[in-house]
Amino acid sequence: MILSIESSCDDSSLALTKIDTRELLFHKKISQELAHSTYGGVVPELAARLHAAALPKILEETAPYLKEIQAIAVTNEPGLSVSLLEGVMMAKALSIALAVPIVPINHLKGHIYSLFIEQEEKLPMGVLLVSGGHTQILDAKSYDDIKILASTLDDSFGESFDKTAKMLRLGYPGGNIIEEYAKLGQKRFNFTIPMQKSKNIAFSYSGLKNQVRVAVQKLGESISQQDMYDIAASFQDAAINHILKQCEKIFKQNAFKEFAIVGGASANQMLREKMGDLCEKFGTKLYLPPLEFCSDNAAMIGRAGIEAYGLKRFVLPHEIKINPKTSQALLQGKMSF
Ligand code: KG4
Ligand code: ZN
């Protein structure tokens, strides 16, 4: 079996997956959301310290299986450097102690493989990746052939939910809370959908965030509960319509038979429903990860790890490198990963 480790941001998670059957034998995650909530975002140094405490605590629960472990899959890119290091250091120690190889895993590939936990891989498909750090449309042909068709020019979809929640003083992370607030609101604020006039296929959330900031500032201290619900509803509508418009442009160029949404923000119900309608219009089958595997978790790293193990992507403890930032070329879609 493979022991997998995820610590790229603010979730400490370990999983055990059987290599031949893909059965998920163990999965546990300790989220740091509450600790970061008062700061309105992830504080890297605090995240690292919490990973250092949580990862060994979860590891203790895997003790009965340690002798059966054949490889350690660990997220080594992209993410917060100090957070990635905690998982990678644990992988190095385990690799030496158990005399098993390490398989480094790209976190974004992990999100794609969240679709295939305890299942066969079903690539090729188009993928919309929406998380706290990324907003991309991918042409995922196989484990090694994933091309970026569209990326964000500035902020990501998930981060714009987090910042909207921060502006409304609703804590961190903002995705779920903004979605809940939006259910109680009306589209009273006229936020414009980003990049409507652009022919380029790309995403941009900085302008929308700014529109929210101006609206919140205008209301000032007299902001009411209903104002907050309405801001959430108006913001979410523009943010999701932006995704739909860019996906529609891609679908017109590239008629995917199968398409998926992955990443933490793929839990958004309205996004799921509206993308479902769009896919139906184009005769495309839509795949969605189970809600429990949308946000960061080690089960998806283990599932991707099975592919990497089959491809013998082994490294020695002194060879593994962390790569905190996806390279600029990758973000601009000039490269595949
Ligand atoms: O994939 P993930 O757990 O971490 C990263 O790799 O970034 O994604 C976390 C992001 C956060 O920005 C969070 O606010 C967003 O996903 N998110 C949502 C929802 N649930 C989580 N965004 C919109 N609607 C949601 N329901
Ligand atoms: Zn993620």
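Our structure's up above, just so we're on the same page.
First, a word on scope: everything that follows refers to the structure included in this document. (Residues numbered from 1 in each chain as written. Chains lettered and ligands numbered in written order. Predicted model: local features only at pLDDT ≥ 70, side-chain atom pairs only at ≥ 80, totals over all residues. Heavy atoms only, no water.)

## Some thoughts on the environment of leucine 14
To be explicit about the condition: Strands are runs of DSSP state E lasting at least 2 residues, helices are runs of H or I lasting at least 4, and numbering of each runs from the N terminus. Pairs of residues are marked as contacts when any of their non-hydrogen atoms sit within 4.5 Å.
With respect to the helices and strands, the residue leucine 14 is situated in strand β2 (residues 11-17). Sequence separation between leucine 14 and asparagine 297 is 283 residues, and the spatial gap between their C-alpha atoms is 7.6 Å. Those residues in contact with leucine 14 that sit more than four places away from it in its chain are Ser4, Ile5, Phe26, His27, Lys28, Leu55, Ile58, Leu59, Met90 and Ala298.

## With respect to the coordination of the zinc ion (ligand 2)
Just so we agree on the cut-off: Coordinating donors are taken as N, O and S atoms within 2.8 Å of the metal, stretched to 3.2 Å for Na, K and Ca; because water is absent from the atoms, sites can appear incomplete. We call a residue buried when its accessible area falls under 20% of the maximum for its residue type, exposed when it is over 50%, and partly exposed in between, using a 1.4 Å probe and counting protein chains only.
The protein atoms that coordinate the zinc ion (ligand 2) are His107 (NE2), His111 (NE2) and Asp296 (OD), at distances spanning 2.0 to 2.1 Å. Going along the chain, you hit the donors of the zinc ion (ligand 2) in the pattern H-x3-H-x184-D. Residue histidine 111 is found in helix α4 (residues 107-113), and its partner aspartate 296 is found in the loop between β10 (285-287) and α10 (298-310); the two are separated by 185 residues along the sequence. The two residues histidine 111 and aspartate 296 agree in class, both being buried.

## Some words on the packing of aromatic side chains
In plain terms, the rule: Pairing of aromatic rings covers Phe, Tyr and the six-membered ring of Trp, with a centre-to-centre limit of 6.5 Å; geometry is then stacked below 30 degrees between planes, edge-to-face above 60, and tilted otherwise.
Applying the stated criterion to the full structure yields twelve aromatic pairs. Taken together, a centroid distance of 6.4 Å and an interplanar angle of 75° make the contact between phenylalanine 251 and phenylalanine 256 edge-to-face. We note that phenylalanine 251, like phenylalanine 256, is buried. An aromatic cluster is built from Phe157, Phe161, Tyr205 and Phe235, whose rings are joined through pairwise contacts.

## Quick notes on the sheet that holds strand β3 (residues 24-31)
Rules: Strand pairing is assigned whenever DSSP detects at least two bridges linking the two strands. Axis definition: a line fit to C-alpha positions, over the contact stretch in the case of helices; interaxial angles, taken between N-to-C directions, run 0 to 180 degrees.
Pairing is mixed across the open sheet formed by five strands, whose spatial order is β3-β2-β1-β4-β5. A strand with exactly one partner marks an edge of an open sheet, and here the two such strands are β3 and β5 (102-106). Taking each pair of neighbouring strands and ignoring which way they run, the sheet shows an average axis angle of 20°. Pairing of strand β1 (residues 2-6) with β2, which is carried by five bridges, proceeds in the antiparallel orientation. Of the residues in β2, the one forming a bridge with leucine 3 is leucine 16. Strands β1, β2 and β3 of the sheet are contacted by helix α2 (residues 44-61), whose axis makes an angle of about 25° with β2. Together, β1, β2, β3, β4 (71-77) and β5 form the strand contacts of α10, whose direction differs from that of β1 by roughly 130°.

## Overview of the site of ligand 1
Selection criterion: Consider each residue's heavy atoms; a residue with any of them within 4 Å of a molecule or strand counts as near. Under the rule applied, a polar contact is a pair of N or O atoms within 3.5 Å (in protein, one hydrogen donor and one hydrogen acceptor; residues adjacent in sequence only if both atoms are side-chain atoms). For accessible areas, the Shrake-Rupley method is used with a probe of radius 1.4 Å. Any residue's cover is judged against the shown protein chains and nothing else. Amino acids outside the nonpolar list (Ala, Val, Leu, Ile, Met, Phe, Trp, Tyr, Cys, Pro) and the charged list (Asp, Glu, Lys, Arg) are all regarded as polar, and Gly is one of them.
Neighbouring ligand 1 are 20 residues, the closest being Gly132, Asp162, Glu179, Gly264 and Asn268. The separation between an oxygen atom of ligand 1 and a polar side-chain atom of histidine 111 is 3.0 Å. Here an oxygen atom of ligand 1 and a side-chain polar atom of aspartate 296 are 3.0 Å apart. When ligand 1 sits alone it has 550 Å² of accessible area, and the protein chains cover 88% of it. Class assignment for the residues of the shell around ligand 1 results in three nonpolar, 13 polar and four charged.

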